[in-house]
Amino acid sequence: MKIIAMISDELLDYAEQHSTQEYPILERLNRETQLTQVYPRMLAGHMQGMMLRLVSQMIKPRRILEIGTFTGYSAINLAMGLNFSPAEEGVLHTIEVDPEQEMIIRKYLAEAGMEKKVILHIGEAMKIIPTLGETWDLVYIDADKPNYLNYYKLLFDGVRPGGFIIADNALWDGKVLDPGTRSSDTRGIIEFNEFVFKDDRVENLLLPFRDGLMIVRKKG
Ligand SMILES: C[S@@+](CC[C@H](N)C(=O)[O-])C[C@H]1O[C@@H](n2cnc3c(N)ncnc32)[C@H](O)[C@@H]1O
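Residues numbered from 1 in each chain as written. Predicted model: local features only at pLDDT ≥ 70, side-chain atom pairs only at ≥ 80, totals over all residues. Heavy atoms only, no water.

## Quick word on the overall build of the protein chain
Going by this rule: Labels follow the DSSP assignment, with helices taken as runs of H or I lasting at least four residues and strands as runs of E lasting at least two, numbered in each case from the N terminus. The quantity called the radius of gyration is restricted to C-alpha atoms. Its globule counterpart is 2.2 Å times the number of residues to the power 0.38. Type-normalised accessible area, obtained with a 1.4 Å probe on protein chains alone, sets the label of each residue: buried when under 20%, exposed when over 50%, and partly exposed for intermediate values. Note on definitions: a residue-residue contact is assigned when non-hydrogen atoms from the two residues lie within 4.5 Å. Counting rule applied: Lys, Arg positive; Asp, Glu negative; His and chain ends not counted. Charge placement uses NZ in Lys and CZ in Arg. For Asp and Glu, CG and CD serve respectively.
On a plain count of helices and strands, the protein chain comes out with nine helices and seven strands. Relative to a compact globule of 220 residues, whose C-alpha radius of gyration would be 17 Å, the protein chain shows 17 Å and is just as compact. Burial statistics for the protein chain: of 220 residues in total, 49% are counted as buried. Taking all contacts inside the protein chain whose residues are at least 6 apart in sequence as the whole, residues at least 24 apart take part in 70%. Where the 25 positive side-chain charges of the protein chain centre and where its 32 negative ones centre are 4 Å apart.

## As for the pattern of salt bridges
Put simply, the rule is: Criterion for a salt bridge: a side-chain nitrogen of Lys or Arg within 4 Å of a carboxyl oxygen of Asp or Glu.
What the rule picks out here adds up to nine salt bridges. Here Glu-111 makes a salt bridge to Arg-28, at a shortest N to O gap of 2.5 Å. Of this pair, Glu-111 sits in helix H6 (residues 102-111) while Arg-28 sits in helix H3 (residues 24-36), placing them 83 residues apart in sequence. The partner of Glu-134 in a salt bridge is Arg-63, with the nearest N and O atoms 3.0 Å apart. Taken together, the residues Glu-134 in the loop between helix H7 (125-132) and strand S4 (136-141) and Arg-63 in strand S1 (residues 63-67) connect sequence positions 71 residues apart.

## Some words on the nonpolar core
Our working rule: Buried Ala, Val, Leu, Ile, Met, Phe, Trp, Tyr and Cys residues form a nonpolar core when they are joined through side-chain atoms within 4.5 Å.
Leu-65, Ile-67, Tyr-152, Leu-155 and Ile-165 are the most contacted members of the largest nonpolar core, which totals 31 residues. Among the elements of the structure, S1, H7, S4, helix H8 (148-155), strand S5 (159-168), helix H9 (184-198) and strand S7 (213-218) are those that each provide at least two residues to this core. With five residues, the top contributor of residues to this core is H8. Setting aside its immediate chain neighbours within four residues, Leu-155 contacts Leu-65, Ile-67, Ile-129, Val-139 and Ile-165.

## With respect to the side chain of Lys-218
Of note, Lys-218 is situated in strand S7. Among residues more than four places away in sequence, those in contact with Lys-218 are Phe-156, Asp-157, Val-159, Arg-160, Pro-161, Gly-162, Gly-163, Arg-201 and Val-202.

## Details of the site of the ligand
Which entries qualify depends on this criterion: Consider each residue's heavy atoms; a residue with any of them within 4 Å of a molecule or strand counts as near. Identification of polar contacts relies on pairs of N or O atoms within 3.5 Å, with a donor-acceptor requirement for protein atoms, meaning one able to donate a hydrogen and the other able to accept it, and with residues adjacent in sequence counted only if both atoms are side-chain atoms. Note that Gly is not counted as nonpolar here; it falls among the polar residues with everything else outside the nonpolar set of Ala, Val, Leu, Ile, Met, Phe, Trp, Tyr, Cys and Pro and the charged set of Asp, Glu, Lys and Arg.
In the vicinity of the ligand there are 19 residues, among which Gly-68, Ser-74, Glu-96, Glu-124 and Asp-142 approach most closely. Between the ligand and Ala-125 there is a distance of 3.1 Å, counted from a nitrogen atom to a backbone nitrogen or oxygen. Looking at the shell around the ligand residue by residue, the class counts come to 10 nonpolar, four polar and five charged.

## Observations regarding the packing of H7 against H8
Stated formally: All axes are obtained by fitting lines to C-alpha atoms, using only the stretch in contact for helices, and the reported angles, taken between N-to-C directions, cover 0 to 180 degrees. Just so you know how the angles are binned, under 35 degrees is roughly parallel, over 145 roughly antiparallel, 65 to 115 roughly perpendicular, and the rest oblique.
Orientation of H7 relative to H8, taken along the N-to-C sense of each, is 10°, at an axis distance of 10 Å. Compared by their axis directions, H7 and H8 come out roughly parallel. The residues of H8 that touch H7, namely those facing Ala-125, Met-126, Ile-129 and Pro-130, are Asn-150, Tyr-151, Leu-154 and Leu-155. Tallied by class, the residues present in the contact of H7 with H8 amount to seven nonpolar, one polar and no charged.

## Points about the sheet that holds S5
Counted only if it meets this: Strand pairing is assigned whenever DSSP identifies at least 2 bridges connecting the two strands.
Read across the open sheet, the seven strands follow the order S3-S2-S1-S4-S5-S7-S6; overall the sheet is mixed. Because the sheet does not close on itself, it has two edges, and the strands there are strand S3 (118-122) and strand S6 (202-207). For this sheet the average axis-to-axis angle between neighbouring strands, irrespective of direction, equals 15°. Packed on one face of the sheet, helix H4 (residues 46-59) meets S1, S4, S5, S6 and S7 and runs near 170° to S4.

Encoded structure:
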């Protein structure tokens, strides 16, 4: 039985009503994104934002890499879990190719008091990742789908043993069930899922939550 088919809107509403409410700053960012963006659905949303925040809070990462900032909603959630003990000074690097997003991202990072915790890079992720020279405790991939596998291969050595990679849209609205697809986005996700599944350097869970979260732990 498919989990996606099992959960009614009513049940999803119930789950949301029985989860911690969206923080006011995230609510404002969500609303401004809905009002000003052409594709506001790209924003993670309250439930997924919380999921990312809780995962980050469990890991307490020192270094997080996010690929695909959009308006900064997931970045703020992930950064809330950074290890910020005096000895650690956690930092999240986030990469966004669209310079038009810079203003809204910086506005909400400032409101959240995260200008120093979150380093925004505007540009192509494939070019920026090799320049960062960090060891990642947690990576969140949420950008152009044809590059998912390229990102994974490019950053894998930089993930510490025991570190995590999470990729959004791993079920891609159910289109992963069409292996003959000509869509480069769908092919990108399918190739990524297959590669991760066969990669014996990791253990992984394709979690059927929202549009599918691929959760990968590097062994070690
Ligand atoms: C789904 S949205 C990210 C949503 C965001 N993580 C959130 O949850 O609020 C994908 C973002 O990736 C960006 N993007 C697409 N291709 C990219 C690339 N090659 N390098 C960096 N960012 C890219 C897009 O401009 C878009 O803002």
